[in-house]
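Descriptive analysis of the structure
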Amino acid sequence: AAGIYDVTDEIVHGYRVMAGLGLPALILLLFASTGKLSLLVVLLVVISSAAGFVLPSAIIRRRGAGRLDEIDRQLPELIDLLIAMIEAGMGFTAALAMIAERFQGALGDEMRLTMQQQSLGMSTQQALEDMADRCATVSVRAFVRTAGRGETLGVSIGPVLRELSADQRRRRRQAAREKMQKAPVKMIFPLMFLIMPALMIVLMYPAVYGLMKNLPSGF
């Protein structure tokens, strides 16, 4: 999902282990040279070990989620181009190849990899299914399923793709509305614990300061 195809899982896990062992070892060497080992140093060692092991996978997972979201945003535009070429008389595979050469972004990279697999002897449907496995989103799977149905049945998939494009745009709007409705709930924590204390200090400090200044010296 993150588009890192030249690195195997074993290498990534190896980097995680190295980071999980290397960071605490570096901290221990740094503080051992000063001769000061305390509870705080032990806590730093534990935190750095956990962070070194978890952060690489968290970064890859975040990059993968962002890349899949970008692919979902670009897919309706790709389908519109595909519809225009198919209705102009071009074949489905030829239209995919032409779009792959010119499309930019994460979806363009995936389409070029798909066409490369197809050129090496894999069927177009199998290459698209591999793309759906790499980019496991509802939109991509729906596109691959629709394209495969059209290829199998031998019917014009232009109207079906047009409906699919409209459905995906509708789904994106629904997802945007859902995020908008969740925003007030997500704002409660920063509002209660970050904004409100600062606001109370700004509002209450002048009154408290004036009251303390006007109190008799005996108080």
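Refer to the structure printed above.
Attention in this report is confined to the structure presented alongside it.

Definitions and cut-offs
Residues numbered from 1 in each chain as written. Predicted model: local features only at pLDDT ≥ 70, side-chain atom pairs only at ≥ 80, totals over all residues. Heavy atoms only, no water. Helix = DSSP H or I, 4+ residues; strand = E, 2+ residues; numbered from the N terminus. Rg over C-alpha atoms; globule rule 2.2 N^0.38 Å. Buried < 20%, exposed > 50% of the residue type's maximum accessible area, 1.4 Å probe, protein only. Axes fitted to C-alpha atoms, helices over the stretch in contact; angles between N-to-C directions. Parallel < 35°, antiparallel > 145°, perpendicular 65-115°, else oblique. Contact = heavy atoms within 4.5 Å. Nonpolar A, V, L, I, M, F, W, Y, C, P; charged D, E, K, R; others polar. Salt bridge = Lys/Arg side-chain N within 4 Å of Asp/Glu carboxyl O.

1. Observations regarding the overall build of the protein
- Helices and strands together make up the secondary structure of the protein, namely 8 helices and 0 strands.
- Taken from the N to the C terminus, the helices and strands of the protein come in the order α-α-α-α-α-α-α-α.
- Taken over the C-alpha trace, the protein has a radius of gyration of 28 Å; the compact-globule value for 219 residues is 17 Å, which it surpasses by more than 25%.
- For the protein, the C-alpha atoms occupy an extent of roughly 95 × 50 × 25 Å along the three principal directions.
- Across the 219 residues of the protein, 28% fall into the buried class.

2. Digging into the packing of helix 2 (residues 39–87) against helix 4 (residues 105–119)
- Close contact between helix 2 and helix 4 brings their axes to 7 Å; oriented N to C, the two are set at 80°. Here helix 4 runs roughly perpendicular to helix 2, going by the angle between their axes. Listed contacts from helix 4 to Arg-67, Glu-70, Ile-71, Gln-74, Leu-75 and Leu-78 of helix 2 are Gly-105, Ala-106, Leu-107, Asp-109, Glu-110 and Met-111.
- Looking at the contact of helix 2 with helix 4 residue by residue, the classes come out as 6 nonpolar, 2 polar and 4 charged.

3. A few points about the pattern of salt bridges
- Scanning the entire structure with this criterion turns up 12 salt bridges.
- In this structure, Arg-169 and Asp-80 form a salt bridge, with 2.7 Å as the shortest nitrogen-oxygen distance. Linking Arg-169 in helix 7 (residues 158–186) with Asp-80 in helix 2, this pair joins segments that are 89 residues apart in sequence.
- Classification of Arg-169 as partly exposed rests on a relative accessible area of 34%.
- Looking at Asp-80, the relative accessible area reads 33%, which means it is partly exposed.
- Of the charged contacts in the structure, one is a salt bridge between Arg-162 and Glu-87, with a shortest N-O distance of 2.8 Å. With Arg-162 in helix 7 and Glu-87 in helix 2, this residue pair connects regions lying 75 residues apart in the sequence.
- Among the charged side chains, a salt-bridge network with shared partners connects Glu-163, Asp-167, Arg-170 and Arg-171.

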